[in-house]
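Observations on the model geometry
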Amino acid sequence: MLNTKVRSVFISDVHLGTTACQAQYLLDFLSRCETEYLYLVGDIVDLLYMRKRVNFTPLHEQVVDKVLDLARSGTRVIYIPGNHDALMRRFCGQIVAGIEIHRNRVHYCADGRRFFVSHGDEFDSAMHAGMFWYVVGEFSHSLLLKLNTVLNGLRRVFKLPYWSLAGYIKKRIGKANEFISRFEWIAARQARELKYDGFVCGHIHQSGMRRIEGVLYCNDGDWVEHCTALIETHQGQFELVHWADHKEVLVREIDLSDEWEAIPQTN
């Protein structure tokens, strides 16, 4: 059974305002969770997409209302804008409607550990991806998300559970896996250099939890492809959960190997 009474919840890459957003599942998740801290780790509202087209449905409005309600009810809501809602960075350091807005944040766990929290787009330049491949990647990903939306619309008609076509395809592309691994290594190295116990981020739409060179890398995933969130229990342990038609714990920190993975040397 999933734990819905937790100390902290981390979500990112919701992309409200787009057709790809799985708002119904996120709303259900937020409605069932009791949490002291709610971190919105970037790309919550897709302001880039909304420059061309707006798809802000009543469900999207209900997600916003639920977050505001949590803030009014005593949950400490911390919003860290990402690259798709970067316009909100002009409000960093302020509190808007009970929501704290920061460029990044240090989260203190119940067991005393310190985790650096940021969206993750600050590592884009370090990924050494050329502009051509960046444009190709953005186009391919947008197409995948559109196909994902159409497919799952058909699956609902036939009463089939949610399934991520985009996630399935990306896992089978070697370059995508290489990109994800490199991103994880860079984030872990940043945490280690800053002397934090771990790093929490989003951005790449791939949830994960790994021990790398003595720090715990945690990616909370997204709500357009995988419908995942990162939670911290009241004991200070992290868990990755999937929340759609089928709900499950994907990985628990307590179940990870104690062995540290080393970051490969690159030229």
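That block above? That's the structure.
Below is a short write-up of the structure.

Conventions adopted
Residues numbered from 1 in each chain as written. Predicted model: local features only at pLDDT ≥ 70, side-chain atom pairs only at ≥ 80, totals over all residues. Heavy atoms only, no water. Axes fitted to C-alpha atoms, helices over the stretch in contact; angles between N-to-C directions. Helix = DSSP H or I, 4+ residues; strand = E, 2+ residues; numbered from the N terminus. Parallel < 35°, antiparallel > 145°, perpendicular 65-115°, else oblique. Left-handed = near helix turned anticlockwise from the far one by under 90°. Contact = heavy atoms within 4.5 Å. Nonpolar A, V, L, I, M, F, W, Y, C, P; charged D, E, K, R; others polar. Salt bridge = Lys/Arg side-chain N within 4 Å of Asp/Glu carboxyl O. Buried < 20%, exposed > 50% of the residue type's maximum accessible area, 1.4 Å probe, protein only. Pairing = 2+ DSSP bridges. Core = buried A, V, L, I, M, F, W, Y, C linked by side-chain atoms within 4.5 Å.

Notes on the packing of helix H1 (residues 23-32) against helix H2 (residues 58-72)
Across the interface, H1 lies against H2 with an axial gap of 9 Å and an inter-helix angle of 20°. Classified by the interaxial angle, the pair formed by H1 and H2 is roughly parallel. Crossing handedness for the pair H1 and H2: left-handed. From H1, Ala23, Gln24, Leu26, Leu27, Leu30 and Ser31 reach across to H2, where they touch Leu59, His60, Gln62, Val63, Lys66, Val67 and Leu70. Of the residues that constitute the contact of H1 with H2, the class distribution is 8 nonpolar, 4 polar and 1 charged.

Focus on the pattern of salt bridges
Under the criterion given, the structure shown has 11 salt bridges. Between Arg76 and Glu100 there is a salt bridge, with the nearest N and O atoms lying 2.6 Å from each other. Of the two residues, Arg76 is situated in strand E3 (residues 76-79) and Glu100 in strand E5 (residues 99-101); the sequence distance between them amounts to 24 residues. A relative accessible area of 33% means that Arg76 is categorised as partly exposed. One salt bridge connects Arg113 with Asp111, and the closest N-O pair in it is separated by 3.0 Å. The class of Asp111 is partly exposed, set by a relative accessible area of 37%. Here the salt bridges share partners, and the residues they tie into one network are Asp111, Arg113, Arg211 and Glu253.

Remarks on the pairing of strand E10 (residues 215-219)
With 5 of its 5 residues buried, E10 lies for the most part within the structure. By the alternation rule, side chains of E10 split into Val215, Tyr217 and Asn219 and Leu216 and Cys218, which are all buried. Where strand E8 (residues 198-201) meets E10, 4 bridges bridge the pair, whose relative direction is parallel. Note on E10: the bridge partner recorded for Gly198 is Leu216. The hairpin formed by strand E9 (residues 208-212) and E10 contains 2 residues between the paired strands, and Glu213 there has a positive phi angle of roughly 50°.

Here's the deal with the nonpolar core
Generally speaking, nonpolar side chains in soluble globular proteins are found buried as a group. Ile11, Phe29, Leu38 and Trp223 are the most contacted members of the largest nonpolar core, which totals 33 residues. Elements with a minimum of two residues in this core: strand E1 (5-11), H1, strand E2 (34-40), H2, E3, E5, strand E11 (228-232) and strand E12 (238-243). It is H1 that provides the largest number of residues to this core, a total of 6 residues. Sequence-distant contacts of Phe29, that is, excluding residues within four places in its chain, are made with Val9, Ile11, Trp223, Ala229, Ile231, Val241 and Trp243. Ranked by size, the runner-up nonpolar core spans 17 residues in total, among them Phe10, Tyr37, Val200 and Leu240.

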